[in-house]
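Okay, here's what each chain looks like letter by letter:
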Amino acid sequence: MSAGASNPEYVNARVRSRRASLFADEDYRKLIRMGPSEIARFMEETEYEREINELGTRFSGVDLIEFALNRNLAKHFDDLLDWSEGRLYDLIARYLRKFDVWNLKTIIRGIYTDTDPEEIRTDLIRAGELEDRTIERLLEVDTIEDAIKVLSGTIYDEPLSVAYDEFEESGALVPLENALDRAFYENLLADLGEPSEGPEAKYVEFLEAEIDFRNARNALRLARSGADLDPATYYIEGGVLFDRSDLNRLVGDYDGLVDHIADNRRYGDRLSEALSRLREADSLIQFEHALDAALLEYADTLSSIHPVSVSAVLSYILAKEREVENIRAIARGREVGLDETEIEEELVIL
């Protein structure tokens with residue numbers, strides 16, 4: 001852990017300023033009616049101006065938007081680390097490893113589908129701890145087995161090596177993707193203990209919620225996949241909502257899954273609106289978006305309880321991710337000719 005005092009008051013003042021510049025839901029509704037070039041021009045009038053101008057000589061259309069979004073996201077999260085000191089830095093840095101997981105999943109999917117490395121590179125978000133040279137080496141390999149070798153010595157090496165046998169048997173990427181999630185979350189909670197009160201307790205509470213919602217997502221994905229996979233092997237330790245037997249029991253029982261979340265005092269009392277969306281969801285994508293909205297709502301609640309803590313930073317990270325994902329979904333939807341209603345279904349709008 002880093003030595004020195006934390007500086008949450010300063011960091012949260014900076015975060016409040018950044019949060020105020022995020023797109024509003026009304027902005028997404030404007031973007032839905034635009035083509036990719038119009039979206040890029042709209043972004044040029046916002047805080048994405050620098051990225052659009054710098055990248056505009058090399059890229060256009062959706063590629064320009066993608067690269068600008070990812071570069072901007074990485075810049076903002078690098079700023080968080082630059083501003084932070086001591087324990088606060090440690091807590092933020094370990095959470096930002098989620099982008100290492102994002103990048104590894106993206107690369108593994110790309111290898112699996114034999115996608116051109118340049119296309120894979122477009123989707124990478126360089127805001128985690130993996131060095132650029134490691135990512136570049138991963139983009140050069142042709143097999144998933146070779147990719148795992150590149151990760152030798154990292155926290156992802158052993159979990160991926162163990163999951164590789166199941167991947168070979170099933171032909172599905174789920175075992176590998178889940179191994180990455182488990183490595184991330186289990187290392188995230190390592191040595192935090194169980195603080196009973198104060199800002200760090202809210203950090204742990206947020207992480208527990210994210211693990212709970214990840215387990216809920218996995219349960220539904222497994223049910224929808226039709227693959228003969230053991231739900232218990234996809235269980236992520238560290239949450240409060242499920243144990244392995246719960247996950248086994250609730251796979252395939254959508255209403256039971258939502259009831260299980262609603263019956264938990266921690267979530268049921270704070271997520272009434274989000275739970276209503278979960279009940280109304282009639283597709284996997286709607287369910288996953290409802291879970292994302294629920295986690296955002298939950299993070300905002302925790303940050304309001306402890307406004308000068310890491311909770312407010314985590315809430316901002318989720319909100320910024322949501323902005324980037326929504327803009328990306330709109331640009332891609334317009335590119336492939338989806339209508340406005342279809343695109344709106346791809347968005348997380350609170």
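To be clear, the structure that these remarks concern was listed above.
Throughout what follows, the structure given in this document is the object of discussion. These numbers come from a predicted model, not from an experiment. (Residues numbered from 1 in each chain as written. Predicted model: local features only at pLDDT ≥ 70, side-chain atom pairs only at ≥ 80, totals over all residues. Heavy atoms only, no water.)

**Section: the layout of surface pockets**
Space inside the largest pocket adds up to approximately 1400 Å³. In terms of lining residues, the largest pocket is bounded by 42 residues, among which Trp-102, Arg-214, Arg-221, Asp-292 and Glu-325 are the most central. When contributions to the lining of the largest pocket are tallied by element, the ones reaching two or more residues are α7 (98-112), α8 (117-122), α12 (174-189), α13 (199-225), α18 (284-305) and α19 (310-335). Among the residues forming the lining of the largest pocket, the class breakdown is 18 nonpolar, five polar and 19 charged. A volume near 320 Å³ is recorded for the second largest pocket. If you go around the second largest pocket, you meet 20 residues; those closest to its centre are Phe-67, Asn-70, Arg-71, Leu-124 and Arg-126. For the lining of the second largest pocket, the secondary structure elements donating two or more residues are α5 (61-83), α7, α8 and α9 (132-140). (1 Å grid on protein atoms, 1.4 Å probe; cavity = no way out; pocket = protein on both sides within 12 Å on 5 of 7 lines; lining within 4 Å. Points joined across faces, edges and corners; volume = space filled by probe spheres on them. Helix = DSSP H or I, 4+ residues; strand = E, 2+ residues; numbered from the N terminus. Nonpolar A, V, L, I, M, F, W, Y, C, P; charged D, E, K, R; others polar.)

**Examining helix α1 (residues 8-20)**
Turn by turn, an α-helix covers 3.6 residues, leaving residues three or four places apart pointing in a common direction. Taking 1.5 Å as the rise per residue, α1 with 13 residues should run 18 Å; its terminal C-alpha atoms sit 18 Å apart, in good agreement. Taken together, the buried positions of α1 are occupied by Pro-8, Val-11, Asn-12, Val-15 and Arg-18. Down the axis of α1, the buried side of the element spans an arc of 120°, and every buried residue falls inside it. More than 90 degrees from the buried face of α1, the exposed residues found are Glu-9, Arg-16, Ser-17 and Ala-20. (Expected span 1.5 Å × (residues − 1). Buried < 20%, exposed > 50% of the residue type's maximum accessible area, 1.4 Å probe, protein only. Arc of directions from axis to C-beta.)

**Some words on helix α6 (residues 86-95)**
Counting buried positions along α6 yields eight of ten residues, so the element is predominantly enclosed. Looking at α6, one finds that the buried residues are Gly-86, Leu-88, Asp-90, Leu-91, Ile-92, Ala-93, Arg-94 and Tyr-95.

**A word on a negative patch on the surface**
Negative charge collects at one region of the surface, where Asp-282, Asp-339, Glu-340, Glu-342, Glu-345 and Glu-346 lie side by side. Along the chain, the position of Glu-345 falls in the segment after α20 (340-344). Residue Glu-345 is classed as partly exposed on the basis of its relative accessible area of 42%. (Patch = residues over 30% accessible without salt bridge, like charges linked within 9 Å, V, L, I, M, F, W, Y side chains within 5 Å. Areas by Shrake-Rupley, 256 points an atom, 1.4 Å probe, with all protein chains shown as cover. Salt bridge = Lys/Arg side-chain N within 4 Å of Asp/Glu carboxyl O. Lys, Arg positive; Asp, Glu negative; His and termini not counted. Charge placed at Lys NZ, Arg CZ, Asp CG, Glu CD.)

**As for empty space enclosed by the protein**
Counted by the stated rule, this structure contains one cavity of 30 Å³ or more. Counted as a void, the largest cavity has a volume near 30 Å³. Considering every element that reaches the lining of the largest cavity, the biggest residue donor is α7, with three residues. Residue classes in the lining of the largest cavity are distributed as six nonpolar, no polar and no charged.

**Remarks on the environment of Asp-114**
Within the secondary structure layout, Asp-114 lies in the loop between α7 and α8. Exposure remark for Asp-114: the relative accessible area of 72% places this residue in the exposed category.

**Quick word on the pattern of salt bridges**
On inspection of all chains with the given rule, the structure shows 33 salt bridges. With a shortest N-O distance of 3.0 Å, Glu-54 and Arg-71 are connected by a salt bridge. Of this pair, Glu-54 sits in helix α4 (residues 49-55) while Arg-71 is found in helix α5, placing the two residues 17 residues apart along the sequence. With a shortest N-O distance of 3.3 Å, Arg-126 and Asp-132 are connected by a salt bridge. Through salt bridges with shared partners, a single ionic network connects Glu-66, Asp-123, Glu-325, Arg-328 and Arg-332.

**Focus: the packing of α5 against α19**
Between α5 and α19, the shortest axis-to-axis distance is 10 Å and the interhelical angle comes to 175°. Relative to α19, the element α5 is oriented roughly antiparallel. Residues Val-62, Ile-65, Glu-66, Leu-69, Asn-70, Asn-72, Leu-73, His-76, Phe-77 and Leu-80 of α5 pack against Val-313, Tyr-316, Ile-317, Lys-320, Glu-321, Val-324, Ile-327, Arg-328, Ala-331, Arg-332 and Glu-335 of α19. When its residues are assigned to classes, the contact of α5 with α19 shows twelve nonpolar, three polar and six charged. (Axes fitted to C-alpha atoms, helices over the stretch in contact; angles between N-to-C directions. Parallel < 35°, antiparallel > 145°, perpendicular 65-115°, else oblique. Contact = heavy atoms within 4.5 Å.)

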